[in-house]
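# Structural overview for review
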Amino acid sequence: QEEYWRGAAQMEPHARLVYASVAAPDAAISAREIAPERERTVEDWLWHKLSAAHALLAASLPPPASAGGHPPAGGDGSQDALGSLQRLVYGSYGETYFNAGGGSPLLYAGVLLATQQFERAVAVLAAVPHLRQEAVHFGLALQHEGLLAVAQQKLADSSLLVGTSPSPSLALPPLVAQHVGEWASEGVDASRAAIGYLWLLRGPAAQRQELCIQLLLGCGKPEALLPRSGLSHIAEADYRELLRAVSSRLAGKGRASQAARLLYEAREHRQLSALLVAELSANIAAAARGTNPAAGGAAGGGAVLPASP
């Protein structure tokens, strides 16, 4: 690297190209200077910049000034090489250059991924309806590998990116919930698949459970929790807790019949007994006052007790 940086100004183009490929060039030198006769693409430019950033990051000391008297890009030191490239891609060029008119979202997302701006890349894909599923897959995979900064909620303006440049976080849970909510109501199998997506999210267990509850109640498919074998990827303790929480929420919404059916099929006898006692008590109290709990009378809105499961 030092040999190249010292002698680049006197080298003929082909020698410079060989040195640049083997040792990585001075980041301040453009790809056009290294290979002037070649028709360059975005990929050529990107790999030129990445190789320079890699060389600077690998250097034990900041490299000397280039032959032109200016320090390599990332003049704050070798550790800022990648940050300088990220700012160049997102700040100086940005979406208006790489995705002009919205015609090249994959190109822009690819450049962002290559420069380790994972949150921005997923947000770019999510903004395109037919690429939203790929955004969800990328986001879940990157989070699983610990490469994604995740925010639990969107901003008030519904933006998926939370925080300021250069390192925003991505509101991944709302993105996944929105995506699966678009097709979870298509059937019980679809609802189970949607729960599988939500269960891949890392983060607070209570939030993941709440997303599943909202999904099941929203799409009207709480029976997707049954049979147990359909959600075998969920640990037994977590499954039981989720089922009890859904049943409790159903009962609170006056849907005691569905809650009782879930508890009975899952053999949650203790909670089933408590539910039946509560519903029976509400009906007796309502009858004594001459009100109909199923119609939302003065008894507090209890539901009519279902037939014995």
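Residues numbered from 1 in each chain as written. Predicted model: local features only at pLDDT ≥ 70, side-chain atom pairs only at ≥ 80, totals over all residues. Heavy atoms only, no water.

## Some words on the pattern of salt bridges
- Evaluation of the coordinates by the stated rule reveals eight salt bridges.
- Among the ionic pairs, Glu268 bridges to Arg240, the shortest N-O distance being 3.2 Å. Of this pair, Glu268 sits in the loop between helix H13 (256-265) and helix H14 (269-289) while Arg240 sits in helix H12 (residues 236-252); the two residues are 28 residues apart in sequence, bridging distant segments of the chain.
- Relative accessible area serves as the criterion here: at 12%, Glu268 is assigned to the buried category.
- The exposure class assigned to Arg240 is partly exposed, which follows from its relative accessible area of 23%.
- Note that Arg261 is salt-bridged to Glu265, the shortest N-O span being 3.8 Å. Linking Arg261 with Glu265, this pair stays in helix H13, spanning four residues, or about one helical turn.
- The class for Glu265 is partly exposed, based on a relative accessible area of 43%. (Salt bridge = Lys/Arg side-chain N within 4 Å of Asp/Glu carboxyl O. Helix = DSSP H or I, 4+ residues; strand = E, 2+ residues; numbered from the N terminus. Buried < 20%, exposed > 50% of the residue type's maximum accessible area, 1.4 Å probe, protein only.)

## Let's talk about the packing of helix H10 (residues 188-199) against helix H11 (residues 205-219)
- It is at 10 Å that the axes of H10 and H11 come closest, and there the two elements cross at 160°. What the angle tells us is that H10 and H11 run roughly antiparallel. As for how H10 packs across H11, the hand of that crossing is right-handed. Along the contact surface, H10 presents Ser191, Ala194, Ile195, Leu198 and Trp199, while H11 presents Arg208, Leu211, Cys212, Leu215, Leu216 and Cys219.
- Here the residues of the contact of H10 with H11 are counted per class, giving nine nonpolar, one polar and one charged. (Axes fitted to C-alpha atoms, helices over the stretch in contact; angles between N-to-C directions. Parallel < 35°, antiparallel > 145°, perpendicular 65-115°, else oblique. Left-handed = near helix turned anticlockwise from the far one by under 90°. Contact = heavy atoms within 4.5 Å. Nonpolar A, V, L, I, M, F, W, Y, C, P; charged D, E, K, R; others polar.)

## Examining the confidence of the model for the protein chain
- Of all residues in the protein chain, 74% have pLDDT values of 70 or greater, and the mean over the chain is 79.
- Across the protein chain, the secondary-structure element scoring lowest on mean pLDDT is helix H3 (residues 31-34), at 64, and the one scoring highest is helix H8 (residues 132-144), at 95.
- Taken together, the stretch residues 60-78 has pLDDT below 50 and engages in 25 contacts with residues farther than four places along the chain or on a different chain.
- Contacts of residues 297-309 to residues separated by more than four positions or lying in other chains number 29 contacts, the stretch itself having pLDDT below 50. (pLDDT = per-residue confidence, 0-100.)

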